[in-house]
Amino acid sequence: MQVCFRAQIYNIIYLKKTDFRNINEINFYTPLRNKTIIFKNYLHSWYLINHRDLPWRNTKNPYKIWLSEVILQQTRVDQGMDYYNKFTSKYPSILALAKASEDEVLKDWEGLGYYSRARNLLFTAKHIAKNLKGEFPRHYSEIIKLKGIGPYAAAAISSFAFEEEKAVVDGNVYRTLSRVFGISTPIDTTAGKKEFQALADDLIKNQKPSVHNQAMMEFGALQCTPKSPDCQSCPLPSICFAYKHDLIGDLPVKSKKVKQSKRHFSYLIISDGKKLLLNKRPEKGIWANLFEFPLIESSSELEQEKVQQTELWNSLVIASKGTVKFKSDSYRHILSHQIITADFYEVKVDKMPTLSTTKNLIINKSELNQFALPKLLLNYLSDRDDLLSLLNDN
């Protein structure tokens, strides 16, 4: 259902002569060309006063800008800051990052989620070091060819580092433009993406690209927020379609909701008091190449009796004369397309099981913090800080 008509914006003729120096004389019926001028002027003024002082804004180094953009995908700034500082300290250049191993980078990324970002980051660093003489590409057309970099990130890097006139369009930009200009085309459709990109491209013309793009993103992050934006302190209510028509909660529009599948995990934490058993996850799927405890996956939640009837339980626990020391309550972990329910069984065995594949490994308990684990397991281990002592010989 269309919640507004863009014709109201594009076709209304504003007859009153307006002094654009006075925001009080500007209203929704201002012609589009004048409206875009007003929008940019007040947006940039707002940004100069309200922007956050972030380290990646104080550099033209494309490596650091790229790193920040990768970290901040699906991640809040306050959470991503520590990771940015860690990576720039440990890997101060592309060449330094290119020398790292995947396991090392995944461990440094641990807890941030969406681990494909870390793998793509390392792959691209190695590609730049080997094939591009360690030099980051300078133009959008070349940057977008790099693995893990899409249109938004390529526009951000090329504009922030090299002042290329490429408009960024992320969630913050979609939200601001849809509300101010009254665009109801769903943002998750091809038509919507083209329409928003065209408007963003028009707005960036004759502007300083780095400042304009940062202002667009920052305004959506701090002012035109997804829920309960502070419209009373906003500089743009007089030209904002959504504000005038009480449609703040309806814009932007999405055509479909992501369907989340449900998965059920039973983890076996097996120890003889000195060592632990770990598995390495497959190269495809969630948490690719991360480490975890032996896993039983089922189509529905399993009672303990059913878990103890599985083949994996027999081969790892029964064969090693194991005893369940503790069974957790269920943990719920939500990913973008999946909802995972997990139970954890802490099992003490007389002798560690025989390894069946190269994906299995036995480690000393003290070595556990050297391996990159999914956030779900980190959450459990955080709650069970006495886990290792529980599995001791006593």
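Just so we're clear, the structure is a prediction, and the values are computed from it rather than from any experiment.

1. Some points on the pattern of salt bridges
Here's step 1: Summed over the entire model, instances satisfying the criterion amount to 12 salt bridges.
Here's step 2: A salt bridge links Arg76 to Asp78; the nearest nitrogen and oxygen atoms lie 3.2 Å apart.
Here's step 3: The class for Asp78 is exposed, based on a relative accessible area of 55%.
Here's step 4: Note that Glu297 is salt-bridged to Arg263, the shortest N-O span being 2.8 Å. Taken together, the residues span a long stretch of sequence, with Glu297 in strand β4 (residues 295–298) and Arg263 in strand β1 (residues 261–271) at a distance of 34 residues.
Here's step 5: Judged by its relative accessible area of 18%, Arg263 is buried.
Here's step 6: Through salt bridges with shared partners, one network takes in Arg52, Arg57 and Glu218.

2. Brief notes about empty space enclosed by the protein
Here's step 1: Counted under the stated rule, the structure contains one cavity of 30 Å³ or more.
Here's step 2: Its volume calculated, the largest cavity comes out at about 120 Å³.
Here's step 3: For the largest cavity, the lining is made up of 14 residues, of which Cys224, Cys231, Cys234, Cys240 and Ile248 are closest to its centre.
Here's step 4: Counted by class, the lining of the largest cavity contains 11 nonpolar, one polar and two charged residues.

3. Side note on the side chain of Gln223
Here's step 1: In this structure, Gln223 sits in the loop between α12 (209–222) and α13 (241–244).
Here's step 2: A polar atom in the side chain of Gln223 sits 3.3 Å from the side chain of Trp46.
Here's step 3: Setting aside residues up to four positions removed in sequence, Gln223 forms contacts with Trp46, Glu218, Pro229, Asp230, Ser233 and Cys234.

4. Points about the confidence of the model for the protein
Here's step 1: When the pLDDT values of the protein are averaged, the result is 89; 89% of them are 70 or greater.
Here's step 2: Of the regions scoring below 50 in pLDDT, residues 1–29 engages in 58 contacts with residues more than four places distant in sequence or in other chains.

Rules of the game
- Residues numbered from 1 in each chain as written.
- Predicted model: local features only at pLDDT ≥ 70, side-chain atom pairs only at ≥ 80, totals over all residues.
- Heavy atoms only, no water.
- Salt bridge = Lys/Arg side-chain N within 4 Å of Asp/Glu carboxyl O.
- Buried < 20%, exposed > 50% of the residue type's maximum accessible area, 1.4 Å probe, protein only.
- Helix = DSSP H or I, 4+ residues; strand = E, 2+ residues; numbered from the N terminus.
- 1 Å grid on protein atoms, 1.4 Å probe; cavity = no way out; pocket = protein on both sides within 12 Å on 5 of 7 lines; lining within 4 Å.
- Points joined across faces, edges and corners; volume = space filled by probe spheres on them.
- Nonpolar A, V, L, I, M, F, W, Y, C, P; charged D, E, K, R; others polar.
- Polar contact = N/O pair within 3.5 Å; in protein donor to acceptor, adjacent residues only side chain to side chain.
- Contact = heavy atoms within 4.5 Å.
- pLDDT = per-residue confidence, 0-100.

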